[in-house]
Amino acid sequence: GEDVEQSLFLSVREGDSSVINCTYTDSSSTYLYWYKQEPGAGLQLLTYIFSNMDMKQDQRLTVLLNKKDKHLSLRIADTQTGDSAIYFCADQTGANNLFFGTGTRLTVIP
Amino acid sequence: DGGITQSPKYLFRKEGQNVTLSCEQNLNHDAMYWYRQDPGQGLRLIYYSQIVNDFQKGDIAEGYSVSREKKESFPLTVTSAQKNPTAFYLCASSQRDRGLTEAFFGQGTRLTVV
């Protein structure tokens, strides 16, 4: 089956940029997603990118996709303490099949 | 407001008892999912259902059962056969729209078995 991997932890200082990385294995992926999970809550969709794009920018968020290397990243500019959360990448293959990574816990140090 | 609701938020059960977690959505979504979240292991798929009266096992279905009698509802039963049931359980629903599948998640149920 599909394998989606992320590093577990990332710490950054407030005001710096954060870069969260994700790798996946299925070359037939159609969409790739980034979800955010606040403590004790469900996941919320942050942004997504179609597999034929290599970059998408949405305010402070920049998604980069390297389809050849099957590498996805999420850059958060000017990281704030409210950005502290767990970030999941997810890979869509086929109809309604979403595979989630392990999640990266982002800690923003004031 | 449309959304997906899980209840209860916290649940305590004694070892050996079956327990059922509720998940209801009013988004008119066809697909619904149950995930289990453990620290450092991300989300693991337990069961999913693409349509009413049909469901498939995910990666960790052993010790769990589901039903999908109505489009809006996808309850999950954690049976006594599940060896390590204490976890955070998340329900999600999705609808494919022009190829994009956005999953909407409930707030989760934290199950503790004592």
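Keep in mind the model is a prediction, meaning the values are calculated, not measured.

### Thoughts on the environment of G63(B)
Residue and element names in this part refer to chain B. Here G63 lies in the loop between β6 (54-57) and β7 (64-66). Taking relative accessible area as the criterion, G63 reaches 11% and is therefore assigned buried. It is 24 Å that separates the C-alpha atoms of G63 and Q25, two residues lying 38 residues apart in sequence. Ignoring sequence-local partners within four residues, the contact set of G63 consists of T77, V78, T79, A81 and Q82.

### Observations regarding the sheet that holds strand β3 (residues 18-24) of chain A
Residue and element names in this part refer to chain A. Ordered by their spatial adjacency, five strands build an open sheet running β1-β3-β8-β7-β6, and the pairing between neighbours is antiparallel. If you trace the sheet from one side to the other, it starts and ends with β1 (4-6) and β6 (55-58), each paired once. Neighbouring strand axes in the sheet, compared pairwise and without regard to direction, differ in orientation by 15° on average. Taken together, the three bridges between β1 and β3 define a ladder with antiparallel strand orientation. Bridging from a neighbouring strand, Q6 pairs with C22 of β3.

### What to know about the state of the cysteines
What the rule picks out here adds up to two disulfides over all chains. Between C22(A) and C89(A) runs a disulfide, and the two sulfur atoms are separated by 1.9 Å. What sets the handedness of the C22(A) and C89(A) disulfide is the S-S torsion sign, and at about 65° it is right-handed. Separated by 67 residues along the polypeptide, C22(A) in strand β3 and C89(A) in strand β9 (residues 85-92) bring together distant segments of the chain. C89(A) matches C22(A) in its accessibility class, with the two residues each being buried. In this model C23(B) forms its disulfide with C91(B); the gap between the sulfur atoms is 1.9 Å.

### Some words on the interface of chain A and chain B
Residue-level contacts link 22 residues of chain A with 25 residues of chain B. For the chain A and chain B pair, buried surface summed over both sides reaches about 1800 Å², with 52% attributable to carbon and sulfur atoms. Taken together, the links from chain A to chain B amount to zero salt bridges. At the boundary of chain A with chain B, the tally comes to two residue pairs in polar contact (both at pLDDT 80 or more). Examining the composition of the side of chain A that touches chain B, we find that four residues originate from one element, strand β4 (residues 31-37) of chain A, more than from any other. By residue class, the composition of the side of chain A that touches chain B is 13 nonpolar, nine polar and no charged.

### With respect to the pattern of salt bridges
Tallied over the full model, the rule gives six salt bridges over all chains. In this structure, E38(A) and K36(A) form a salt bridge, with 3.5 Å as the shortest nitrogen-oxygen distance. Using a relative accessible area of 32% as the deciding quantity, one classes E38(A) as partly exposed. Relative accessible area serves as the criterion here: at 15%, K36(A) is assigned to the buried category. For R36(B), the salt bridge identified is with D38(B), shortest N-O distance 2.7 Å.

What counts, and where the lines are drawn
Residue positions within a chain follow its written sequence, with the count starting from 1. Lettering for chains starts from A, numbering for ligands starts from 1, and both go in the order in which the items are written. With the structure being a predicted model, the display of local features is reserved for residues of pLDDT at least 70 and the display and counting of side-chain atom pairs for 80 or more, all residues being used for whole-chain, interface and lining totals. Water and hydrogen atoms were dropped before computing side-chain values, which therefore reflect all heavy atoms in the structure. Helix and strand assignments follow DSSP, with helices taken as H or I runs no shorter than four residues and strands as E runs no shorter than two, numbered in order from the N terminus. Classification of residues uses two cut-offs on accessible area relative to the type maximum, computed with a 1.4 Å probe and protein chains only: under 20% is buried, over 50% is exposed, and between them is partly exposed. Residue contacts follow a heavy-atom distance rule, with two residues in contact if any of their heavy atoms lie within 4.5 Å. Paired strands, in this sense, are two strands between which DSSP finds at least two bridges. Each axis is a line fitted through C-alpha atoms, taken for helices only over the stretch in contact, and angles between the N-to-C directions span 0 to 180 degrees. Cysteine sulfur atoms are paired as a disulfide whenever they come within 2.5 Å of each other. For any pair of parts, buried area is found by adding up, for both, the accessible area (1.4 Å probe) each one loses once the two are put together. Take a side-chain nitrogen of Lys or Arg and a carboxyl oxygen of Asp or Glu: if they are within 4 Å of each other, that pair is a salt bridge. Counted as a polar contact is a pair of N or O atoms within 3.5 Å, where, for protein atoms, one must be capable of donating a hydrogen and the other of accepting one, and residues adjacent in sequence contribute only when both atoms are in side chains. Gly is put with the polar residues, along with every residue not named as nonpolar or charged; the nonpolar set is Ala, Val, Leu, Ile, Met, Phe, Trp, Tyr, Cys and Pro, and the charged set is Asp, Glu, Lys and Arg.

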